[in-house]
Amino acid sequence: MSETHRDMTCKELVELVTDYLEGALPANDQRRFDEHLESCPFCRIYMDQMRQTIQAAGHLREESVSAEALETLLAHFRRWR
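Reading guide: rules and limits
- Residues numbered from 1 in each chain as written.
- Predicted model: local features only at pLDDT ≥ 70, side-chain atom pairs only at ≥ 80, totals over all residues.
- Heavy atoms only, no water.
- Helix = DSSP H or I, 4+ residues; strand = E, 2+ residues; numbered from the N terminus.
- Contact = heavy atoms within 4.5 Å.
- Areas by Shrake-Rupley, 256 points an atom, 1.4 Å probe, with all protein chains shown as cover.
- Salt bridge = Lys/Arg side-chain N within 4 Å of Asp/Glu carboxyl O.
- Buried < 20%, exposed > 50% of the residue type's maximum accessible area, 1.4 Å probe, protein only.

**Notes on the overall build of the chain**
Within the chain, the secondary structure is distributed over 4 helices and 0 strands. Along the chain, helices and strands appear, N-terminal first, in the series α-α-α-α. Within the chain, contacts between residues separated by at least 24 positions form 57% of all contacts whose residues are at least 6 apart in sequence. As displayed, the chain offers around 6400 Å² of accessible surface, 57% of which is attributable to carbon and sulfur atoms.

What follows is the structure, encoded as structure tokens:
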């Protein structure tokens, strides 16, 4: 199966979630992403959690996050990949 027609994996979805939420995916990847969400209840839950996190974080002011919490978050993001 060609790269442009294969099913998206859960791992790929997680790697592309930011581009998806920002509307920055190419049309083919957007279609594959949407098709995967339709068939994968676990990724739908993940997407709901991501949207809730973004909504909650959008209401936080930088000064309301302690320096320790900020450093912990940054450390996790640095190790993510």
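**Overview of the pattern of salt bridges**
Summed over the entire model, instances satisfying the criterion amount to 6 salt bridges. The closest approach of N and O atoms between Asp-29 and Arg-32, which form a salt bridge, is 3.1 Å. Taken as a pair, Asp-29 and Arg-32 lie in helix H2 (residues 27–39) at a separation of 3 residues, close to a single helical turn. Residue classification places Arg-32 among the buried positions, given a relative accessible area of 4%. Bridged by salt links that share partners, the residues Arg-6, Glu-12, Asp-29 and Arg-32 form one connected network.

These values are about where atoms sit, not about what they do.
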